[in-house]
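Fold and geometry: a report
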Amino acid sequence: MTSAVDTELGAELRGFREVQALAYACAEAVAARLEPGVTEREAARMQREWLRERGVRDWFHLPFAWFGDRTAFTGFKIPLQFFPTNRKLEPGMPFILDMAPIYKGFTADIGYSGSLGLHPVQDRLMADLEEHRELILREIRERRSLREIYADVERLMNRQGYANRHRAYPFGVIAHKVDRVKQGRFSPTVFGFGAQALKGLASDALHGHRDGWSPLWSPYRFSDHPPQPGLWAVEPHLGFRGTGAKFEEILVVTDSKDPQESAFWLDDDLPHVRRWAEAKNL
């Protein structure tokens with residue numbers, strides 16, 4: 001998307017687009033290498049190695065991989081259950097790859113859904129996620145409160161016959177702010193999250209609390225405010241009878257009075273968007 005806003009932000013948006021595209025390229029490359037017997041831990045390691053070979057040295061969070069009913073977070077009660085396990089991929093099994101690399105100081109957080117062979121249920125979930133992408137953008141441009149938009153997304157999921165699986169994330173978040181991260185010689189992680197990125201998120205939370213907004217987009221009162229300008233990693237996650245599917249990508253929110261420039265998806269050249277376009281052309 002080229003606009004006055006894009007021109008103004010210039011290199012900032014290009015930097016975030018570059019790392020988001022890199023992360024999706026990693027997801028597609030690793031998905032193509034998955035085969036029966038590969039474990040979640042091995043798939044997560046494949047993502048780390050692919051990105052490190054291309055210059056990634058820091059993370060918002062280390063890569064995740066979920067197979068089978070873990071794509072729907074079946075039985076998840078505590079944060080440790082999100083981490084990759086020795087669950088092995090089997091023919092016909094759905095999977096989700098999720099990674100958040102930091103590259104040249106820019107952050108991405110993406111989610112990629114697929115399956116080893118055909119999986120009609122996950123295909124249906126992915127098709128129905130298109131409506132969520134449209135709803136989120138439309139209501140952000142209307143400057144509805146984040147809490148209200150969250151409720152509308154959940155109502156749409158219920159109408160579609162699905163369970164809201166981002167409810168299982170910490171604080172039930174559907175999105176969080178992403179920012180540039182100052183890169184140093186070392187990039188320690190804390191419980192799978194990059195220390196520098198967590199420091200930035202904590203700073204946003206502190207400033208936001210003082211000014212009446214939160215960097216976490218949740219169903220709770222602290223998200224009952226209009227969209228805050230900045231970049232948001234958005235991840236609606238559907239579940240149906242042990243199968244889950246989601247996308248995750250960056251949404252840009254500005255303070256422009258022009259509705260078209262007040263919010264837009266950072267990039268439309270992404271696997272799930274191309275998939276929806278191809279389906280319309282069949």
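Below you will find a few notes about this structure. Keep in mind that what you see is a predicted model, and the values were worked out from it rather than measured. (Residues numbered from 1 in each chain as written. Predicted model: local features only at pLDDT ≥ 70, side-chain atom pairs only at ≥ 80, totals over all residues. Heavy atoms only, no water.)

With respect to a nonpolar patch on the surface
- Taken together, F171, Y220 and F222 make up a surface patch of nonpolar side chains, about 320 Å² in accessible area.
- Tracing the backbone through its elements, the reader meets F171 in the loop between strand 5 (163–164) and strand 6 (175–178).
- A residue is classified by how much of its surface remains accessible, and F171, at 54% relative accessible area, is exposed. (Patch = residues over 30% accessible without salt bridge, like charges linked within 9 Å, V, L, I, M, F, W, Y side chains within 5 Å. Areas by Shrake-Rupley, 256 points an atom, 1.4 Å probe, with all protein chains shown as cover. Salt bridge = Lys/Arg side-chain N within 4 Å of Asp/Glu carboxyl O. Helix = DSSP H or I, 4+ residues; strand = E, 2+ residues; numbered from the N terminus. Buried < 20%, exposed > 50% of the residue type's maximum accessible area, 1.4 Å probe, protein only.)

A look at helix 3 (residues 40–52)
- Across its 13 residues, helix 3 extends 18 Å between first and last C-alpha, which sits within 8% of the 18 Å expected from 1.5 Å per residue.
- Taken residue by residue, helix 3 has E40, A43, A44, M46, Q47, W50 and L51 as its buried positions. Along helix 3, the residues classed as buried sweep out an arc of 155° about the axis, all on the same side.
- Packing partners of the buried residues in helix 3 comprise helix 2 (11–33), strand 1 (58–67) and strand 2 (94–103). (Expected span 1.5 Å × (residues − 1). Arc of directions from axis to C-beta. Contact = heavy atoms within 4.5 Å.)

Looking at the nonpolar core
- Counting residues in each nonpolar core, the largest one holds 67 residues, and the members touching the most others are I136, I140 and W217.
- Residue contributions to this core peak at 10 residues, all from helix 2.
- Dropping the residues within four chain positions of it, W217 is found in contact with I136, I140, L146, I149, Y150, G172, V173, I174, A175, S223, W232 and V234.
- F64, W66, F82 and L216 belong to the second-largest nonpolar core, a separate cluster that totals 12 residues. (Core = buried A, V, L, I, M, F, W, Y, C linked by side-chain atoms within 4.5 Å.)

A few points about the sheet that holds strand 11 (residues 237–240)
- Taken together, three strands build an open sheet; the order of strands is 5-11-12 and the sheet is antiparallel. Where the open sheet ends on each side, the last strands, each with one partner, are strand 5 and strand 12 (243–246).
- Alignment of strand 11 against strand 12, held across four bridges, turns out to be antiparallel. Residue L238 lies in a different strand from strand 12, and its bridge partner there is A245.
- Strands in contact with helix 4 (residues 120–141) are strand 11 and strand 12; relative to strand 12, the strand with the most contacts, it is inclined by about 35°. (Pairing = 2+ DSSP bridges. Axes fitted to C-alpha atoms, helices over the stretch in contact; angles between N-to-C directions.)

Concerning the packing of helix 4 against helix 8 (residues 271–280)
- Running from N to C, helix 4 and helix 8 point in directions that differ by 100°, and their axes come no closer than 10 Å. Classified by the angle between their axes, helix 4 and helix 8 sit roughly perpendicular to one another. Contacts from D123, M126, A127, L129, E130 and R133 of helix 4 reach helix 8 at H272, V273, R275, W276 and K280.
- Partitioning the contact of helix 4 with helix 8 into residue classes produces five nonpolar, one polar and five charged. (Parallel < 35°, antiparallel > 145°, perpendicular 65-115°, else oblique. Nonpolar A, V, L, I, M, F, W, Y, C, P; charged D, E, K, R; others polar.)

Fair warning: the whole summary comes from geometry, so function is off the table for now.
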